Amino acid sequence: MKVLVPIKRVIDYNVKVRVKADNSNVDLANVKMAINPFCEIAVEEAVRLKEAGIATEVIAVSIGNKSCQEQLRTALALGADRAIQIETDESLDSINVAKLLQKIVEEEQPQLVILGKQSIDSDNNQTGQMLAALTGMSQGTFASAVSIDGDKVNVTREVDSGLQTLALTLPAIVTTDLRLNEPRYASLPNIMKAKRKPLVVKAAADFGIDLTARTNLIKVTPPAERKAGIIVESIDELVEKLKNEAKVIS
Amino acid sequence: MSILVFAEHDNSELKADTLKTVAAAQAIGGDIHLLVAGHNCQAIAEAASKVNGVSKVLVADNAAYEHQLAENVSLLVTELAADYSHIMATALTTGKNFMPRVAALLDVTQISDIIAVESSDTFVRPIYAGNAIATVQSLDSKKVITVRSTGFDAVATDGNAEIIALDKVTDAGISSYVSEQLSVSERPELGAASVIISGGRGMQNGENFKLLDGIADKLGAAIGASRAAVDAGFVPNDMQVGQTGKIVAPDLYIAVGISGAIQHLAGMKDSKVIVAINKDAEAPIFQVADYGLVADLFDALPELESKL
């Protein structure tokens, strides 16, 4: 079966983002970018399904300008077979991202689509679920285990109260949580090989979808600063401060 | 305007977060209805009818909703949506799971994780793990919104709303519940606790988390963990506090052996008072702590327990 893995180029997870002085957005100039960590876990899971003889082909897809080809090459180096870039310079709302991905699902007819549960930039946690709704597929979000069982996939999900396992009829959507797997490092030979794997570019405008913005970003501000704290010298001093200064224990 | 709020519950208890999501709905203003979708959930409907500011409680009580499967609940909510300008749920794992599906079925984008309401179409939400705060206007005709409960104060529960049973059942038939492994604890839930003590990689193993028990008992605290501690298998996933785990804002948060990665700070830096205990004086957690103690946690924890 074919597995489709949509991925996103985002700020590197180690970088602390800064807000622009005019409060129009965050400043991404000269900031290190990377594949979204949850998307990397999605690629790894798809590649493992291929190595287990379950998946026949792994296709990575990303939406963005030419720079997102870098992340598609990363996915190819991790083991994806081919890549699709949907080219646009716009920053699209999730519903429009999901509509573009729906078109790719219609073209490629994957049995499984694996996405990251959220991107660490916009923190929306919604594209996978939206794609599931648009394609009429079942969904297993926040997955920590995935196993294919005939025409079903069993997904164990990280939920507030613990773990929940669902059986989903294929085709299905899975979104990854942190514990699903630990992604491999791409080896140098695989990075070289990835450069020759097929990467097709399609213009977002050619899909015939109305991509009009659904949100208007009014401003972006830095979070409220916490006032500087103090270092206490002993447990006695800590307990005294919590009782008498902060008054949070009695 | 009329607002439909999804009641967060597990068929046995109405979660306190619902009271905060209703507060967010009140900040928007309008007629507020609560939807209780579950199975054998009459007790939840009764509790929901007492939530202040709610005029009607809609109850969809059917086996199809027992586990609140996204495919089934999203169809139910989408059918009800015609009567509402805003549809809201708490940004916990249930709401995060089905609400984007509702948004897509209604052809709108979702405004996720709001922490404040500016107007009926403009909301404030953290982005980049809380390192930036965005004010976003929704241009869609219907607003689909998830609410971060730490941003709002709970409404009272002395109301008296009308309870209306819904009899139409929406079962997509493409997903089914298999099993669950619930963490059972006598302690308060992380989202509801006024004191939280969390352990990180510095705890070294799961056994050492017992060092937190006595302190938690004395303070009536919930016990949390950093991602590093969960990844290392010290404790289960439902204890994780952080950008992609639980977002908490208790009166007192005690971080023990936690270095303070951006992703952890995102989940707890709105706590009123933060205490950090770490042997590394350079650990970033000290930058957000009101009170820092540079000490070996294996010395500090027993002493703290004895002095509380």
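Up top is the structure these notes are about.
Rules used throughout
- Residues numbered from 1 in each chain as written.
- Chains lettered and ligands numbered in written order.
- Predicted model: local features only at pLDDT ≥ 70, side-chain atom pairs only at ≥ 80, totals over all residues.
- Heavy atoms only, no water.
- Helix = DSSP H or I, 4+ residues; strand = E, 2+ residues; numbered from the N terminus.
- Pairing = 2+ DSSP bridges.
- Axes fitted to C-alpha atoms, helices over the stretch in contact; angles between N-to-C directions.
- Contact = heavy atoms within 4.5 Å.
- Buried area = accessible area lost by both parts, 1.4 Å probe.
- Salt bridge = Lys/Arg side-chain N within 4 Å of Asp/Glu carboxyl O.
- Polar contact = N/O pair within 3.5 Å; in protein donor to acceptor, adjacent residues only side chain to side chain.
- Nonpolar A, V, L, I, M, F, W, Y, C, P; charged D, E, K, R; others polar.

(A) Molecular detail of unusual backbone geometry. Between Leu170(A) and the following residue, Pro171(A), the backbone shows a cis peptide bond with an omega angle of 0°. Tracing the backbone through its elements, the reader meets Pro171(A) in the loop between strand E11 (162-169) and strand E12 (172-176). Even without being a glycine, Asn125(A) presents a positive backbone phi close to 55°. The residue Asn125(A) is located in the loop between strand E8 (112-116) and helix H4 (127-135) in this model. You will see that Asp107(B), though not glycine, has its phi angle at about 60°, which is positive.

(B) A look at the sheet that holds strand E10 (residues 162-165) of chain B. All names here are of chain B. The strand order E5-E9-E4-E1-E2-E3-E10 describes an open sheet built from seven strands, whose pairing is parallel. Each edge of the open sheet carries a strand with a single partner, namely strand E5 (110-114) and E10. The mean angle between the axes of side-by-side strands here comes to 25°, regardless of whether they run parallel or antiparallel. In this structure, strand E4 (residues 86-90) lies alongside strand E9 (residues 143-147), joined through five bridges in parallel fashion. If you follow Met 88 over to E9, its bridge partner there is Ile 145. Where helix H2 (residues 42-49) meets the sheet, it contacts strand E2 (31-38), strand E3 (54-61) and E10, and its direction lies at approximately 170° from that of E3. Those strands touched by helix H3 (residues 70-80) are strand E1 (2-6), E2, E3 and E4, and its axis lies near 155° from that of E2.

(C) Representation of the interface of chain A and chain B within the structure. Between chain A and chain B, the residue contacts involve 80 residues of the former and 81 residues of the latter. Across the interface of chain A and chain B, roughly 6600 Å² is buried in total on both sides, 54% from carbon and sulfur atoms. Three residues, Asp160(A), Arg226(A) and Ile235(A), lead the burial of chain A against chain B; their summed loss comes to 12% of the area buried on that side. At the junction of chain A and chain B, the tally comes to six salt bridges. Of the charged contacts, one joins Lys307(B) and Asp236(A) as a salt bridge, the two residues approaching to 3.2 Å between their closest N and O atoms. Along the contact surface separating chain A from chain B lie 46 residue pairs in polar contact (both at pLDDT 80 or more). Contributing elements (two or more residues each) for the side of chain A that touches chain B: helix H3 (94-108), H4, strand E9 (138-149), strand E10 (152-159), E11, strand E14 (215-221), strand E15 (230-232) and helix H6 (235-244) of chain A. Element by element, the count of residues in the side of chain A that touches chain B is highest for E11(A), at eight residues. Taken together, the residues of the side of chain A that touches chain B break down into 38 nonpolar, 23 polar and 19 charged. Here six bridges tie E14(A) to strand E8 (residues 132-138) of chain B, and the two strands are oriented antiparallel to one another. Pairing of Thr221(A) across the sheet is with Ile133(B), part of E8(B).

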